[in-house]
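Chain by chain, the residues run as shown.
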Amino acid sequence: PKNADWVLYAPYYWDNAMVRNPLAYQLSRDMGRYASRTRFVEVFLSVRDRPLREQDYQGVYVLTEEIERDNDRVDIARLDADDLTEPDISGGYVFKRDRSGEGDTEVWAGDAGGRLTFRQPIILVDPESEDMPDEQLDWLEAELDAMGDAVVDGTAPDGRRYDEILDVGSFIDHHIINVYFKNPDAFRLSGYFHKDREGK
């Protein structure tokens, strides 16, 4: 679908066959899960006002949808800055476990009081951290902490079971796809998650 945000991904370094990510994404979509849509493209780069030449060829890239909240991408409720009470504050959030960049707010949550170890923080994708009031950030951190406790202990401090907080089927599917395709970033980098309003 039409959108302004795309990633031009050069797969060669980690994927000599250049098909792993597009194939994994397609399998995920075939399983009924969201995954970025992709297209293979050949890239030419011309830096001068002249016709393209053979020397301008840069190779095969994968044009990939950027992961974001949108009706045609991650279809969850829009979280506005004034959504500060239940149920509105409960979503929608898009976040990832990844390295932080300039201006990113790092969230270290969900580690079950230190019993789970994460080397990378959670980074907010939508809404972005600079657009998120402290109340929303605190709410998301508390929900992730409840999830971590529930995964380790079976229940969160508020009595909810882990399967009341997270979508177990989607976590299993995500795990299977990442292991099957030997994703070197699996479970540590570039892992995207979402939390819809009143959803898991």
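Nothing here was measured: the structure is a model prediction, and the numbers come from that model. (Residues numbered from 1 in each chain as written. Predicted model: local features only at pLDDT ≥ 70, side-chain atom pairs only at ≥ 80, totals over all residues. Heavy atoms only, no water.)

Visitor: Looking at this structure, I do not really get unusual backbone geometry. What am I missing?
Guide: Following Gly91, the chain continues into Gly92 via a peptide bond in cis, with omega recorded as 5°. Inspection of the secondary structure puts Gly92 in the loop between strand S3 (57-65) and strand S4 (93-97). Omega for the peptide link from Asp126 to Pro127 comes to 0°, which places this bond in the cis form. Residue position: Pro127 is located in the loop between strand S6 (122-126) and helix H2 (134-153). Positive phi values are uncommon outside glycine, yet Ala112 reaches one of about 55°. Among the residues examined, Ala112 registers a relative accessible area of 1% and is labelled buried. One non-glycine residue, Glu198, lies in the positive phi region at around 60°. For Glu198, the location among the structural elements is in the segment after strand S7 (191-195). The exposure class of Glu198 is exposed, given its relative accessible area of 65%. (Helix = DSSP H or I, 4+ residues; strand = E, 2+ residues; numbered from the N terminus. Buried < 20%, exposed > 50% of the residue type's maximum accessible area, 1.4 Å probe, protein only.)

Visitor: Explanation requested: the environment of Glu106 in the structure shown.
Guide: Position of Glu106 relative to the elements: it lies in strand S5 (residues 106-107). For the pair Glu106 and Ser90, spaced 16 residues apart in sequence, the C-alpha to C-alpha distance is 19 Å. Apart from the residues within four sequence positions on either side, Glu106 is in contact with Ser100, Pro121, Ile122 and Ile123. A polar contact is formed between the side chain of Glu106 and the side chain of Ser100, at a distance of 2.5 Å. There is a polar contact of 3.2 Å between the side chain of Glu106 and the side chain of Trp108. (Contact = heavy atoms within 4.5 Å. Polar contact = N/O pair within 3.5 Å; in protein donor to acceptor, adjacent residues only side chain to side chain.)

Visitor: Hey, could you run me through a nonpolar patch on the surface in this one?
Guide: Together, Leu27, Met31, Ile172, Ile176 and Tyr180 make up a nonpolar patch on the protein surface, roughly 490 Å² of accessible area in all. Here the element with the most residues in the nonpolar patch is helix H4 (residues 168-180); it accounts for 3 residues. (Patch = residues over 30% accessible without salt bridge, like charges linked within 9 Å, V, L, I, M, F, W, Y side chains within 5 Å. Areas by Shrake-Rupley, 256 points an atom, 1.4 Å probe, with all protein chains shown as cover. Salt bridge = Lys/Arg side-chain N within 4 Å of Asp/Glu carboxyl O.)

Visitor: Teacher, can you tell me more about the side chain of Asp56 here?
Guide: As for its position among the elements, Asp56 is in the loop between strand S2 (38-44) and S3. A relative accessible area of 3% places Asp56 in the buried class. Within the structure, Asp56 has its side chain in polar contact with the backbone nitrogen of Arg53 (distance 2.7 Å).

Visitor: So what exactly am I meant to see when it comes to the nonpolar core here?
Guide: Burial of nonpolar side chains together is a common tendency in soluble globular proteins. Ranked by internal contacts, the top residues of the largest apolar core, which has 13 residues, are Tyr93, Phe95, Leu124, Leu140 and Leu144. For this core, the element with the highest residue contribution is H2, accounting for 4 residues. Leave out the neighbours within four places in its chain, and Leu140 touches Tyr93, Phe95 and Leu124. (Core = buried A, V, L, I, M, F, W, Y, C linked by side-chain atoms within 4.5 Å.)

Visitor: Quick question: what am I supposed to make of the pattern of salt bridges here?
Guide: When charged atoms on two side chains of opposite charge get close, those side chains can pair. Summed over all chains, the structure comprises 15 salt bridges. Of the charged contacts, one joins Arg115 and Asp149 as a salt bridge, the two residues approaching to 3.4 Å between their closest N and O atoms. Taken together, the residues span a long stretch of sequence, with Arg115 in the loop between S5 and S6 and Asp149 in helix H2 at a distance of 34 residues. Residue Arg115 is classed as partly exposed on the basis of its relative accessible area, which comes to 45%. Between Asp158 and Arg160 there is a salt bridge; the shortest N-O distance is 2.9 Å. It is possible to trace a salt-bridge network through shared partners that takes in Arg37, Glu65, Glu68 and Arg73.

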